[in-house]
Amino acid sequence: MQARHIVAAMLSAALLAGCALPSGQGSYALPPSDAWLNQAEDCCNSLAALPTTALAPRQDLLLAFGSGTPVHVFATGKSPFHALTLPRQAGPLKLSWTSEVQRAADGTLMLFAPSVLLLDAQGNVQRRFDWRDFSYQPARGLNPDRLTLSFGVTPGDMADRVVVMTSAQALDTGTELLHPARAHARARNLVEPDVQNPVAAHRASGRMALEVRPLGEVDGLLAPLIGSASVPLVAPREATPTTALPVAAPMPVEDPLGDLDYRRLMRAALKAQDIALAMQLAERAERAGDKGAREWLAERLRVE
Amino acid sequence: MRLSRHTPLTLSTVVAAMALGVSGTAQAVDANFHGYARSGVGATAGGGDQACFQARGASAKYRLGNECDTYAELGLGATLYEKDGKTFYFDSLVAYSANQANDWESVNADDTQLALRQVNVQATGVIEALPNATIWAGKRFYQRHDIHMNDFYYWDVSGPGGGIENIDLGFGKLSVAWLRNTSTDNDFPDDDQNLANDTLDIRLADIATNPGGKLEIGYDYGSATLTEAQEDADIDPTKGHLITLEHTQGNWFGGFNKFVVQYGTDGIIGSAGKTNTASTVPEGSMLRVIDHGLVNLSPNVDMLYAAIYEDRDLDNGQGQTWMSTGVRPTYYWSDTMSTAFELGYDRVEPQESSQDTAYLTKFTVAQQWSAGRGAYARPVIRAFVTYANWNGEVYNAASESIEDLEGDGMTYGLQMEAWF
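Remember, it's a predicted structure, so these values are computed and weren't measured experimentally. (Residues numbered from 1 in each chain as written. Chains lettered and ligands numbered in written order. Predicted model: local features only at pLDDT ≥ 70, side-chain atom pairs only at ≥ 80, totals over all residues. Heavy atoms only, no water.)

Colleague: Provide a residue-level description of the nonpolar core, including the pertinent values.
Modeller: Counting residues in each nonpolar core, the largest one holds 45 residues, and the members touching the most others are Leu95(A), Trp97(A) and Phe151(A). With eight residues, the single largest contributor to this core is helix H7 (residues 275-287) of chain A. When sequence neighbours within four positions are dropped, the list of residues in contact with Leu95(A) reads Leu86(A), Leu149(A), Ser150(A), Phe151(A), Val153(A), Val162(A), Leu210(A), Glu211(A) and Val212(A). Judged by nonpolar contacts, the second largest core, of 40 residues, contains Tyr154(B), Ile269(B), Leu304(B) and Ala375(B). (Core = buried A, V, L, I, M, F, W, Y, C linked by side-chain atoms within 4.5 Å. Buried < 20%, exposed > 50% of the residue type's maximum accessible area, 1.4 Å probe, protein only. Helix = DSSP H or I, 4+ residues; strand = E, 2+ residues; numbered from the N terminus. Contact = heavy atoms within 4.5 Å.)

Colleague: I'd love a proper account of the sheet that holds strand S2 (residues 59-65) of chain A, names of residues and values included.
Modeller: Residues and elements named next belong to chain A. What the five strands build is an open sheet, ordered S2-S15-S5-S11-S10; its pairing is antiparallel. Each having just a single partner strand, S2 and strand S10 (135-137) make up the two edges of the open sheet. Pairwise comparison of adjacent strand axes, ignoring direction, gives a mean angle of 25° for this sheet. Alignment of S10 against strand S11 (residues 146-153), held across three bridges, turns out to be antiparallel. Its bridge partner lying in S11, serine 135 is registered against threonine 148. (Pairing = 2+ DSSP bridges. Axes fitted to C-alpha atoms, helices over the stretch in contact; angles between N-to-C directions.)

Colleague: With reference to specific residues and values, describe helix H4 (residues 180-187) of chain A.
Modeller: The buried fraction of H4(A) is high, at six of eight residues. Considered for burial, the residues of H4(A) that qualify are Ala181(A), Arg182(A), His184(A), Ala185(A), Arg186(A) and Ala187(A). Close packing links the buried residues of H4(A) with strand S1 (31-44), strand S15 (255-266) and strand S23 (408-419) of chain B. Just past H4(A), the residue Asn189(A) takes up positive phi, approximately 55°.

Colleague: Help me get a handle on the packing of aromatic side chains, residues and values and all.
Modeller: All names here are of chain B. One pass over the full model with this rule turns up 14 aromatic pairs over all chains. On the basis of an interplanar angle of 20° and a centroid distance of 6.3 Å, the ring pair of tyrosine 36 and tryptophan 419 is categorised as stacked. Highlighted residues: tyrosine 36 in strand S1 and tryptophan 419 in strand S23, separated in sequence by 383 residues. A residue is classified by how much of its surface remains accessible, and tryptophan 419, at 8% relative accessible area, is buried. Taking 5.1 Å as the distance between ring centres and 25° as the angle between the ring planes, the aromatic pair formed by tryptophan 136 and tyrosine 142 counts as stacked. Among the aromatic residues, ring-to-ring pairing joins Tyr36, Tyr71, Tyr376 and Trp419 into one connected group. Geometry around tryptophan 136 places arginine 140 over its ring, the cationic atom sitting 4.9 Å from the centre. Over the face of the ring belonging to phenylalanine 141 we find arginine 144, whose NZ or CZ atom lies 3.7 Å from the ring centre. (Phe/Tyr/Trp six-rings, centres within 6.5 Å; stacked < 30°, edge-to-face > 60°. Lys NZ or Arg CZ within 6 Å of the ring centre and 35° of its normal.)

Function-wise, these values are silent; they only describe arrangement.
Rendered as structure tokens:
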């Protein structure tokens, strides 16, 4: 009898707990398609005219993209966008972007595949980060599958604002995600099943998280131990991820890092989603005689 | 998008960034912290600690709400070198197992075990002619195949060893390894002799068969490296062979299906394919057929399933036929909460007709809170109730809470499980 009571109690608790929540809770309520984008009107006649929101030196933002977001026809296609003005008196900043995979109620996986533009005070593009420049991070613990990118920037006339949007090219494709069965196999040193990885369709709707922090500030558990770490600044000039950053000294100089294994360092930077750091390391590696470091980095940045 | 094989600790970027600001010989810590753990507390209805239900003679039991131990694996790995397409990766793992009875369960206690299960280096791209191949040496979990639902490792020759893997042949990938599984033998030639059992493992994987389908073919040869004394005693180890065919369908209702056929002989007949050539090991043959996998039945329901048939035909008449089947459907109320049900049935028929057939049926319902959605989302905390029914005395339990003549039992408790 006692056993029956226990089963009844457990089942009741389970069912009540389940009924207390609507099915699909936790999934973002995405619109069924991006058809709204076709009907949306271009808000502005130029990049310089995009309406902006002011950023604070320390801020966490959740940027929503959808039918209520202003739309502009960029050179890379029509897209909803957010334009954010960088705070001038704050000194160098680190901007960390995260776009998480969303799961619709019907199980469809979707992702806002972002592009980030760095504009000068006249509204000209100084730097561009395509969605391929973002790093894919598989789901782990409470963190879902996501794309991430971080870089440092010093606000000024050459770096006045950032614009985040998507592109027509991005909307034509998707991002392959690591199947949980593969992640489990990796964690437990099993042979990975040849299961088909799911693909998150790129959508013009979704949301992105932006974290703004003073450059050099270290967050997290290790902050009391290691203090501030140097993070390279993004040069405010139009460039591709594999293009060399300007070299300050024209004459060959002895690399202060000595005979380091640059590719290990670059690999570490990439795994930490710090593409700007990886690019700077590639430059140093080339100068130190490791010809092919840029190509090596480009290969790893290449999106399959 | 490239899917990296190893996931990093965030320490890496900090150290790399710091390296830019300092001179000297800073090293990037590209560390991977990985592991597995399960632990909890449970009881048996009617009194006593948690019993766990497994049919006598079965090599596994369905595990949801049916694990009575604390077990953890903690591993650290790191890419120690990467240059010009050549990488050296170091991996290590320590395992801990305890009865889950007290706060302080010392590694010195009889029922507590601590084991160093992995210490190895894997070097990729170091052979010019085979740029994608990896040579390795050390203790290693080597290309293990398991059924998650009942924790059954049907192909696992892990141990100290070495070899080369992922040689690209164009139509598949070839791996060859030599692994050790030492046992003790009382007759080779006298008491307590170490018997250095070896397994030669050859696998050809990634053979495309049909759309979304891959085939893996394996051959394991089990033998022993004999000492002079053992040679002089004219010892004849019980050598063995194991052939494995595994077909994986990767586009299978959002999950996968694995169909496995194994045939083994003599000294390699075992649950995982490891070799034991001791004189006490009976000769004979084994046929094992397995089908298991994962399907998504709806956006909010998935299901693990497994079916096993294993026939051990031994010359001494001590063989058995083990049949097992189980399902674990789970309904997801949200991304963090689900209700799982697990129904499992095991039947073990001894080769000797005079012995009774053992069967055991178990059913579990568990309310779960997990980090994410899906059968493989972890960590998870679950509250469970398990009911089992079996025939008479033929039953294995990890508890004295079930008395000898009882034919059924019920347990309940809380458990966490994590991997990362």
